[in-house]
Amino acid sequence: MASSTAHADDAIQLGRRAVIACLIIATGVMVFSACPVIADEVEFSRDVLPLLQKHCLDCHGPDTAESHLRLDSPVAALRGGDSGEQAIVPGKSDQSYLLTRVLHADAKQRMPPDAEPLSREEIAILKVWIDQTSHWETAKQELKDRRLDHWSFQPLLRPAVPGTATHPIDAFIEQRLAQNQLTLSPSASRSTLIRRLSLVMLGLPPSPDRVAEFVADDSPQAWDRLVEEMLASPHYGERMATPWLDLVRFGETHGFETNRERPHAWRYRDWVVQAFNADQPYDQFVRDQIAGDAWGADAATGFLVAGSYDLVKGQDELLRLTQRQDELADIINATGTAFLGLTLGCARCHNHKFDPVTQTDYYALQAVFAGVNHADRALPMPAETQQQLERLDEQLAQLRQQLMPYLAENRDPATRKRPAVQAKENIERITPTETRIVRITIQKTNQSQPCIDEFQIFAAGKNVALASAGAKATSSGDFVHPLHKLEHINDGRFGNARSWIANDVTGGWVQIEFAQPETIDLILWGRDREGRYADRLAIDYRIECSPDGQTWELLATSADREPFATDQPSTPKYDFAGLSQQEQQRGQQWLERLEQLTATRDQLAQPILVYAGTFSQPDPIHRLYRGEPTAPREVVTPAGIAALTSLTMPADLPERERRVALADWIANKKNPLTARVMANRIWQFHFGTGLVDTPSDFGANGTRPSHPELLDWLASELIDSGWSLKHLHRLILSSQTWQQASHPRPDGVKIDAGTRLLWRFPPRRLEAEAIRDSQLAISGVLDLSVGGPGFSAFEVEAENVRHYHPKTHFESTDFRRMLYMTKVRQERDAVFGLFDCPDNTQVVPKRSRSTTPLQALNLLNSPFTLQVADLFAQRLQREANTQPEQIQWAYELCFGRSASADEVAQATDFITATDLQQFARAMLNANELVFLP
């Protein structure tokens, strides 16, 4: 080997051909052993490799060199380097990054570095080598196969149940235990089982009466009945929603420096609760959250925008672009971790270092979600509400007709002109005319393009312009905006958010074509019937009708109105002066009725908002070099992850259809990840740790399942049951694995101290929500109302930048379940936030379970605990007469069991030394209360 170094030195000096080898390394891959230019023309020994490595270190530094030199096969050339650039595209040398760097005009970017550019002949050799597709076929197939060798990417197949155990879950668990000379533990006591079941499934302790009833019931069906009772409880959905909202980074403020509130975000939380309670098939649960707006599950898309959002947009263009990239990264990452168990965000700047997700895959997914925008969205109006509005409109039209003679302009003979147009409402009284089409043309506004929130046309008191009545709206052109749409012109709803804006400042028109000819007599229109906006008001207009769209007849015009002035009254003025007392009374009654019905209608027509995002057709999406918004590369069309699916979409596919297509792939039973990931989450829900203990990373950097066959069996059961999550719960809860005692055993602790093999039920501390809810339930003050706006644990200082100060005194409205506590980003509840509650800024697939002095101090001394302890003491005094009875009742309420004689004696001494309130306080802090048995 004495000549090895000399041989290496000679190779580096061999000229352009050896430089090509360095070049290939420098562009991100090593292919020297397969390159015909090198392998055929130069006897290229592996002794040269150290020197080539040194070359790359000198040029690029250790971090880049490490990634550059990781692979040494043609497969690496096809996959590309970590930058995401594909060094070689077989048959397409013009698209290969290798040629891009060879031909770069900038000497600092051109390869090979610190050398003369390659000659035309040498470039031609490279092009021929790349364009000869035949010798790349083997590498292409190897790359495809390599991407899918990881366990979680394999097709899901139902494994056979091992052994002879009567329960399939127990059979899989006992098989692993037997391999480690362990067995399941005996069953837990019935009082322990009902307490465990209630805390796991509902997050609430069982009542003493229900414990006594179950313990006394020796029927073989007693446990199954109890399980069904828990699954049917409305509080089951609340319990399931807690970890799900952690997982999807749900918060009710925006985060960042302003941290403003999202007052309508709670509707997504309620949708999640309802979906779990209804046992919505999980595949549909997934589809709804990605594209539910396509079929009426509008609140479900709150998932897409559940994350943080920076309200303050930078003046710098780069900052704004980066903010938008961060928003989309949040959506992509949440989708990948929640449903697929993949860390897709790792491919934003480079190819994923562990999983078969390329940078192109990432931006293909971005093309799916690029039309999603953070905003409130109005929910579709229920049909019943629409019908109520139509009935109100008929009554209002009749009242306006009755009041027409009392309009001020009609009462004063000297006044011939009608009042000037008003932003809120304008009345056009029409001589009864039979027609098919009515058009309003706007020649002038008080500002910018004209806006109309609703164009109402009445025939015998009925609004015949409504889309629900079969009328069709068309226009000269529409201003493109997510709030202002042509469909709003006749949807029966008022206000700026349900309005239409013309595309042209002058000459724009909108018309309504009825389902059949109608005899019309009244037209109502306004800029904003809610009275909030007065801009874009049509002040020069004409209204015409036509039976066929060819001949037009003038119905009304602004020419007979007073000139527009900004101080015009917002509503028509009625004058009853000079009339008989009877006429005045009748007119006033009609006017009062008009005002009452108008207020009722305004309230009924208020849009129901949910923070679930708005959607728009996105611009073309480019792959960004190293994730830099200012370094766009090729256009990327919407698609799935290429290594896992053949899903591709046209570049011009409508925005909603992109999300539908992706949702359908994720929720497909053939997707190897979706069912496995959710089955694992259900297992984690019950046992504290999933079969895969990295629940949102099923990729190569995650852990392998402790019981792989059991995971696949559960995933198969999930699919075969129609994606029923309650079915999985029933299976797990009916197993001896779940029902066994949690007591430690020397043999188990010695072999499996972490209880991963499940030789006992793993005991664990309750989550913050269950601790707080249990304290309130035990004290008799827990408000169990389900759904609706939540409550806040903070006093909010409502400046531009919100400040949240923890409450020090709590009202009964604060005693709801903690699920309904407003989730303020970057803040935690002063007491229970210390029990590892997330701050809602990131996805949290599994909470940590820490034990700290601050937890004990806050739980013992906080104003909340002191107040609740006092309420608990009051309950004991109300419901038990003597001190021994109060002690026994406290134990039954807190722990679901009777106090022993020693416990009664100790409690008596403690109460004598202090008082009942201090005893209640101690009980609320007991380990037995805050730990799952």
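Residues numbered from 1 in each chain as written. Predicted model: local features only at pLDDT ≥ 70, side-chain atom pairs only at ≥ 80, totals over all residues. Heavy atoms only, no water.

A. Summary view of the overall build of the chain. Helix and strand content of the chain: 33 helices and 19 strands. Residue pairs in contact within the chain that sit at least 24 positions apart in sequence constitute 74% of those at least 6 positions apart. (Helix = DSSP H or I, 4+ residues; strand = E, 2+ residues; numbered from the N terminus. Contact = heavy atoms within 4.5 Å.)

B. Focus on empty space enclosed by the protein. Counted by the stated rule, this structure contains 9 cavities of 30 Å³ or more. In this structure, the largest cavity occupies an estimated 450 Å³ of space. In terms of lining residues, the largest cavity is bounded by 26 residues, among which Pro243, Gln684, Phe685, Glu767 and Pro845 are the most central. Contributions of two or more residues to the lining of the largest cavity are made by helix H13 (234–247), helix H22 (674–687) and strand E16 (764–765). The element best represented in the lining of the largest cavity is H13, accounting for 7 residues. Taken together, the residues of the lining of the largest cavity sort by class into 12 nonpolar, 4 polar and 10 charged. In this structure, the second largest cavity occupies an estimated 170 Å³ of space. In this structure, the second largest cavity is lined by 16 residues; those nearest its centre are Met818, Met821, Lys823, Pro838 and Asn840. Of the residues contributing to the lining of the second largest cavity, the split by class is 6 nonpolar, 3 polar and 7 charged. (1 Å grid on protein atoms, 1.4 Å probe; cavity = no way out; pocket = protein on both sides within 12 Å on 5 of 7 lines; lining within 4 Å. Points joined across faces, edges and corners; volume = space filled by probe spheres on them. Nonpolar A, V, L, I, M, F, W, Y, C, P; charged D, E, K, R; others polar.)

C. Region of interest: the pattern of salt bridges. For the structure shown, the criterion picks out 42 salt bridges. For Glu238, the salt bridge identified is with Arg817, shortest N-O distance 2.9 Å. Note that Glu238 is positioned in helix H13 and Arg817 in the loop between strand E18 (803–806) and helix H28 (853–861), a separation of 579 residues in sequence. Residue Glu238 shares its accessibility class with Arg817, and that shared class is buried. Close ionic contact of Arg529 with Asp453 constitutes a salt bridge, the shortest N to O distance being 3.2 Å. Of this pair, Arg529 sits in the loop between strand E9 (508–526) and strand E10 (538–546) while Asp453 sits in the loop between strand E4 (451–452) and strand E5 (454–459), and the two are 76 residues apart along the sequence. Assigned by exposure class, Arg529 and Asp453 land together as buried. (Salt bridge = Lys/Arg side-chain N within 4 Å of Asp/Glu carboxyl O. Buried < 20%, exposed > 50% of the residue type's maximum accessible area, 1.4 Å probe, protein only.)

D. The environment of Ala306, seen in detail. You can see Ala306 is positioned in the loop between helix H15 (282–291) and helix H16 (317–340). Separated by 307 residues in the primary sequence, Ala306 and Gly613 place their C-alpha atoms 9.1 Å from one another. Dropping the residues within four chain positions of it, Ala306 is found in contact with Val248, Arg249, Phe250, Gly251, Arg262 and Arg825.

E. Main features of unusual backbone geometry. One non-glycine residue with positive phi stands out, namely Asp279, at about 50 degrees. Along the chain, Asp279 turns up in the loop between helix H14 (266–277) and H15.

F. Here's a closer look at helix H30 (residues 883–895). For H30, which comprises 13 residues, the first-to-last C-alpha distance of 18 Å matches the rise-based estimate of 18 Å (1.5 Å per residue) to within 8%. Just downstream of H30 lies Gly896, where phi reads positive at about 70 degrees. (Expected span 1.5 Å × (residues − 1).)

G. Structural context of the side chain of Arg745. With respect to the helices, strands and loops of the structure, Arg745 is situated in the loop between helix H25 (736–739) and helix H26 (746–751). For Arg745, the side chain forms a polar contact with the main-chain oxygen of Thr183, separated by 3.2 Å. If sequence neighbours within four positions are ignored, Arg745 has contacts with Leu182, Thr183, Leu184, Ser185 and Trp759. (Polar contact = N/O pair within 3.5 Å; in protein donor to acceptor, adjacent residues only side chain to side chain.)

H. Just the packing of helix H18 (residues 383–403) against helix H20 (residues 581–604), in detail. Running from amino to carboxyl end, H18 crosses H20 at an angle of 155 degrees, the nearest separation of the two axes being 10 Å. As judged from the angle between their axes, H18 and H20 are roughly antiparallel. You can see that H18 and H20 cross each other, and the crossing is left-handed. Of the residues in H20, those touching H18 at Thr385, Gln388, Leu389, Leu392, Asp393, Gln395, Leu396, Leu399, Arg400, Gln402 and Leu403 are Gly587, Trp590, Leu591, Arg593, Leu594, Leu597, Thr598, Thr600, Arg601 and Leu604. When its residues are assigned to classes, the contact of H18 with H20 shows 10 nonpolar, 7 polar and 4 charged. (Axes fitted to C-alpha atoms, helices over the stretch in contact; angles between N-to-C directions. Parallel < 35°, antiparallel > 145°, perpendicular 65-115°, else oblique. Left-handed = near helix turned anticlockwise from the far one by under 90°.)

I. Representation of the environment of Thr908 within the structure. If you trace the backbone, Thr908 turns up in helix H31 (residues 901–913). Taking the relative accessible area as the measure of exposure, Thr908 reaches 24% and is therefore partly exposed. Ignoring sequence-local partners within four residues, the contact set of Thr908 consists of Gln883 and Ile887.

J. A look at a nonpolar patch on the surface. Together, Leu834, Leu854 and Leu857 make up a nonpolar patch on the protein surface, roughly 260 Å² of accessible area in all. Within the element layout of this structure, Leu854 appears in helix H28. (Patch = residues over 30% accessible without salt bridge, like charges linked within 9 Å, V, L, I, M, F, W, Y side chains within 5 Å. Areas by Shrake-Rupley, 256 points an atom, 1.4 Å probe, with all protein chains shown as cover.)

K. Examining helix H24 (residues 725–733) more closely. In terms of residue burial, H24 counts as a mostly covered element, since 7 of its 9 residues are buried. Turning to H24, its buried residues are Leu725, Lys726, Leu728, His729, Leu731, Ile732 and Leu733.

L. Structural view of the packing of aromatic side chains. With the rule as written, the count across this model stands at 26 aromatic pairs. Each ring, one from Trp525 and one from Tyr541, has its centre 5.1 Å from the other, and the planes form 75 degrees; the classification is edge-to-face. Taken together, the residues Trp525 in strand E9 and Tyr541 in strand E10 connect sequence positions 16 residues apart. Trp525 sits in the buried class, given a relative accessible area of 0%. Ring geometry for Phe815 versus Phe864: centroids 6.4 Å apart, planes at 75 degrees, classification edge-to-face. Taken together, the residues Phe815 in the loop between E18 and H28 and Phe864 in helix H29 (residues 863–879) connect sequence positions 49 residues apart. For the pair Phe815 and Phe864, one class covers both residues: buried. (Phe/Tyr/Trp six-rings, centres within 6.5 Å; stacked < 30°, edge-to-face > 60°.)

M. Representation of the confidence of the model for the chain. Put simply, the chain has an average pLDDT of 88, and 89% of its residues get 70 or more. Throughout residues 1–72 the model reports pLDDT below 50, and contacts reaching past four residues in sequence, or to other chains, amount to 108 contacts. (pLDDT = per-residue confidence, 0-100.)

N. The arrangement of the packing of H13 against H22 in detail. The contact between H13 and H22 brings their axes to 12 Å, and the two run at 120 degrees. What the angle tells us is that H13 and H22 run oblique. Relative to H22, the crossing made by H13 is right-handed. Every residue of H22 that contacts H13 at Arg239, Met240, Pro243, Trp244 and Leu247 is listed here: Met678, Arg681, Ile682 and Phe685. A per-class count over the contact of H13 with H22 returns 7 nonpolar, no polar and 2 charged.

O. Molecular detail of the pairing of strand E3 (residues 426–445). As defined by bridge partners, E3 adjoins E9 across 13 bridges and the pair is classed as antiparallel. Across the sheet, the residue bridging to Ile427 is Leu524, located in E9. Relative to E10, E3 runs antiparallel, the two being bridged by 8 bridges. Bridging from a neighbouring strand, Ile437 pairs with Ser546 of E10. (Pairing = 2+ DSSP bridges.)

P. A look at the nonpolar core. Trp244, Trp683, Trp738, Phe872 and Phe919 are the most contacted members of the largest nonpolar core, which has 174 residues in total. For Phe872, the residues in contact, after removing those within four places along its chain, are Ile778, Ser779, Ala890, Leu893, Cys894, Ala920, Met923 and Leu924. Counting residues in each nonpolar core, the second largest holds 31 residues, with Ala459, Val464, Trp525 and Ala556 among its members. (Core = buried A, V, L, I, M, F, W, Y, C linked by side-chain atoms within 4.5 Å.)

Q. Examining the environment of Trp136 more closely. Along the polypeptide, Trp136 turns up in the loop between helix H7 (120–131) and helix H8 (137–147). Once the C-alpha coordinates of Trp136 and Ile88 are considered, the two residues, 48 residues apart in sequence, prove to be 9.9 Å apart.

R. Structural context of the side chain of Asn680. On the secondary structure map, Asn680 appears in helix H22. Residue class for Asn680 comes out buried when judged on its relative accessible area of 0%.

S. Spatial organisation of the state of the cysteines. One pass over the structure, following the stated rule, counts 0 disulfides. For the unlinked cysteine Cys349, the closest cysteine sulfur is that of Cys346, found at 9.9 Å. With relative accessibility at 33%, the residue Cys349 sits in the partly exposed group. (Disulfide = S-S within 2.5 Å.)

T. Representation of the layout of surface pockets in the model. Counted as a void, the second largest pocket has a volume near 990 Å³. Lining the second largest pocket are 28 residues, and of these Arg377, Pro482, Lys485, His488 and Thr614 lie nearest its centre. Elements supplying a minimum of two residues to the lining of the second largest pocket: strand E2 (377–378), strand E13 (614–615) and helix H21 (655–666). A breakdown of the residues in the lining of the second largest pocket according to their chemical character gives 12 nonpolar, 5 polar and 11 charged. Domain assignment of the residues forming the lining of the second largest pocket places at least three in each of domain 3 (235–375 + 617–702) and domain 5 (424–541). (Domains from an automatic or database assignment.)

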